[in-house]
2 protein chains.
Amino acid sequence: MEVENPKDIEQNPVCEVQCVHSDLIRTYVNQIITSAQANHLADLFKTLGDSTRIRIMDALSKAEFCVCDLAELLDMSQSAISHQLRVLRNSNLVKYRREGKMVYYSLDDDHVLRLYSQGLEHINEK
Amino acid sequence: MEVENPKDIEQNPVCEVQCVHSDLIRTYVNQIITSAQANHLADLFKTLGDSTRIRIMDALSKAEFCVCDLAELLDMSQSAISHQLRVLRNSNLVKYRREGKMVYYSLDDDHVLRLYSQGLEHINEK
DNA sequence: TTTATATATGAATATTTGTTCATATGTAGT
DNA sequence: ACTACATATGAACAAATATTCATATATAAA
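Note that residues are indexed from 1 along each chain, following the sequence as it is written. Naming scheme: in the order in which they are written, chains are lettered from A and ligands are numbered from 1. Totals for whole chains, interfaces and linings use all residues, but because this is a predicted model, local features are given only for residues with pLDDT of at least 70 and pairs of side-chain atoms are given and counted only at 80 or more. To get the side-chain values, all heavy atoms of the structure are used, and hydrogens and water are removed first.

- Per an unreviewed UniProt entry, chain A is named Transcriptional regulator, ArsR family, and its organism is Desulfosporosinus metallidurans.

Right, here's the structure in full:
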């Protein structure tokens, strides 16, 4: 079947769908999360969206560990763990304290623990 | 500085770090989440780790919408929305009902709403 | 059964991201 | 200052993923 050159079709800068409930849209269009906030929130979940970081979070939900303990516990290189801890730090999911040469990590606060636990519950209930 | 050929270095199949707290490791090594569960949980968070899907979740946290409403509301193509709804469905985050030609989506349950809200709270508190 | 419209999906491309390797930084002890 | 060791990080490569485009499926009406 032949298709017209897209350039020939009259430009329609608006939405191409016809089934919209205009009243609903008008009501909610101003209540939706901003793009900036959506990006921010997506980044938080993205941080939790990696199995290595989940295993780190799981360990830290049970006790405080130094970097090399985590490497041993999860059987991964120190470098890989350290990279991932930085990602977790950037999302304020973990905090750390230095003691001599070692750096000990733990969950940032109880709120983070609850967020993690809610996720666990969700996958276990289905 | 010259580096020996890695092949010449004696193979050490164990961990290369020396600072491990062996007793801690022994205590927790059997309590860490399994790889399968970690993958599963990471997939859940990964699903939430995209700004388009966050905006869909945000809309659905406020009301039920059909696919083309979401496309209009978020100013995206029907195809893109539909692809992302499938991802959300696969993680049991949204459910849908068909009514004639239209398909209406909503959050799967209150637990999902709580998970989403916890995330929102986290980014707003910092 | 033909047409119109709402939604779903396979393939392809462009972008993002996790790990490794090599190396840098930071801290403590000699 | 020098050495040892714990942790951090830049660059590069491999793997995962979001959107677009084209098209398929599903439902309803004529």
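Description of the protein's contact with DNA strand D
And step 1. The local shell around DNA strand D holds 28 residues, among which A:Ser79, A:Tyr105, B:Lys46, B:Thr52 and B:Gln84 are the closest.
And step 2. Here a residue counts as near a molecule or strand whenever at least one of its heavy atoms sits within 4 Å of it. Put simply, 68% of the atoms of DNA strand D that lie within 4 Å of the protein are in sugar or phosphate.
And step 3. A distance of 2.8 Å separates a base oxygen of DNA strand D from a polar atom in the side chain of A:His83.
And step 4. In this description a helix means any DSSP run of H or I spanning at least four residues, a strand means any run of E spanning at least two, and both kinds are numbered starting from the N terminus. Ranked by residues supplied to the surface near DNA strand D, first place goes to helix 5 (residues 78-90) of chain A with six residues.
And step 5. Of the residues assigned to the surface near DNA strand D, the class counts are nine nonpolar, eleven polar and eight charged. Side-chain atoms alone can form a polar contact between residues adjacent in sequence; in general such a contact is a pair of N or O atoms within 3.5 Å, and within protein one must be able to donate a hydrogen while the other accepts it. Amino acid classes used here: Ala, Val, Leu, Ile, Met, Phe, Trp, Tyr, Cys and Pro are nonpolar; Asp, Glu, Lys and Arg are charged; the rest, including Gly, are polar.

Considerations on the protein's contact with DNA strand C
And step 1. Around DNA strand C, the structure places 28 residues, and the nearest of them are A:Thr52, A:Arg53, A:Ser79, A:Gln84 and B:Ser79.
And step 2. Of everything in DNA strand C that lies within 4 Å of the protein, sugar and phosphate atoms constitute 65%.
And step 3. At 2.3 Å, a side-chain N or O of A:Gln84 approaches a phosphate oxygen of DNA strand C.
And step 4. B:His83 places a polar side-chain atom, nitrogen or oxygen, 2.9 Å from a base oxygen of DNA strand C.
And step 5. Counting residues per element, the ones that place at least two in the surface near DNA strand C are helix 3 (51-60) and helix 5 of chain A together with helix 4 (67-74), helix 5 (78-90) and strand 3 (102-107) of chain B.
And step 6. Considering each element in turn, the surface near DNA strand C owes the most residues, six residues, to helix 5 of chain B.
And step 7. A per-class count over the surface near DNA strand C returns nine nonpolar, eleven polar and eight charged.

Description of helix 5 of chain B
All names here are of chain B.
And step 1. Over its 13 residues, helix 5 runs 18 Å from end to end, which matches the ideal 18 Å to within 8%, given 1.5 Å per residue.
And step 2. Categorising residues by exposure relies on relative accessible area from a 1.4 Å probe, with only protein chains included: less than 20% of the type maximum marks a residue as buried, more than 50% marks it as exposed, and the intermediate range marks it as partly exposed. Every buried residue of helix 5 is listed here: Ile81, Gln84, Leu85 and Leu88. In a view along the axis of helix 5, the buried residues occupy a sector of 110°, so they form one face of it.
And step 3. On its buried side, helix 5 packs onto helix 2 (35-48), helix 3 (51-60), helix 4, strand 2 (94-99) and strand 3. By this rule, a helix spans an expected 1.5 Å times one less than how many residues it contains. Working note: the arc is built from the helix axis to C-beta atom directions. The contact criterion used throughout is that any non-hydrogen atoms of two residues lie within 4.5 Å.

Topic: the relation of the copies chain B and chain A
And step 1. Mapping chain B onto chain A is achieved by rotating through 180° and translating by 0.0 Å along the same axis, at an RMSD of 0.0 Å. One copy is carried onto the other by what is essentially a two-fold rotation axis.
And step 2. The fraction of interface residues of chain B whose copies in chain A are also interface residues reaches 100%, indicating that both copies meet through the same surface. Only residues with pLDDT of at least 70 in both copies contribute their C-alpha atoms to the least-squares superposition of the copies.

Quick look at the sheet that holds strand 1 (residues 65-66) of chain A
Residue and element names in this part refer to chain A.
And step 1. Note on pairing: two strands pair once DSSP finds at least 2 bridges between them. The three strands lie next to each other as 1-3-2, forming an open sheet whose pairing is antiparallel. The outermost strands of the open sheet, each flanked by one partner alone, are strand 1 and strand 2 (94-99).
And step 2. Here strand 1 runs beside strand 3 (residues 102-107); their pairing, made up of two bridges, is antiparallel. Each bridged residue has a counterpart across the sheet, and for Phe65 the counterpart in strand 3 is Tyr105.

What to know about the interface of chain B and chain A
And step 1. Listed as interface residues are 64 residues of chain B and, on the opposing side, 64 residues of chain A.
And step 2. Definition used for salt bridges: Asp or Glu carboxyl oxygen within 4 Å of a side-chain nitrogen of Lys or Arg. Between chain B and chain A we count zero salt bridges in total.
And step 3. Taken together, the links from chain B to chain A amount to 16 residue pairs in polar contact (both at pLDDT 80 or more).
And step 4. Among the secondary structure elements, those contributing two or more residues to the side of chain B that touches chain A are helix 1 (22-28), helix 2, helix 3, strand 1 (65-66), helix 4, strand 3 and helix 6 (110-125) of chain B.
And step 5. For the side of chain B that touches chain A, a count of residues per class yields 32 nonpolar, 17 polar and 15 charged.

Things to note about the nonpolar core
And step 1. The biggest cluster of nonpolar side chains holds 69 residues, and the ones touching the most others in it are A:Met57, B:Leu41 and B:Met57.
And step 2. Once residues within four sequence positions are removed from consideration, A:Met57 is found in contact with A:Leu48, A:Leu88, A:Leu93, A:Val94, A:Leu107, A:Val112 and A:Tyr116. Residue types Ala, Val, Leu, Ile, Met, Phe, Trp, Tyr and Cys, when buried and joined through side-chain atoms within 4.5 Å, form a set referred to as a nonpolar core.

Overview of the sheet that holds strand 3 of chain B
All names here are of chain B.
And step 1. Ordered in space as 1-3-2, the three strands form an open sheet in which the pairing is antiparallel. One side of each edge strand has no neighbouring strand; the edge strands of this open sheet are strand 1 and strand 2.
And step 2. Only C-alpha atoms enter the line fits that serve as axes; for helices the fit covers just the stretch in contact. Angles between N-to-C directions range over 0 to 180 degrees. Of the strands in this sheet, strand 1, strand 2 and strand 3 touch helix 3, which is tilted by about 90° from strand 3.

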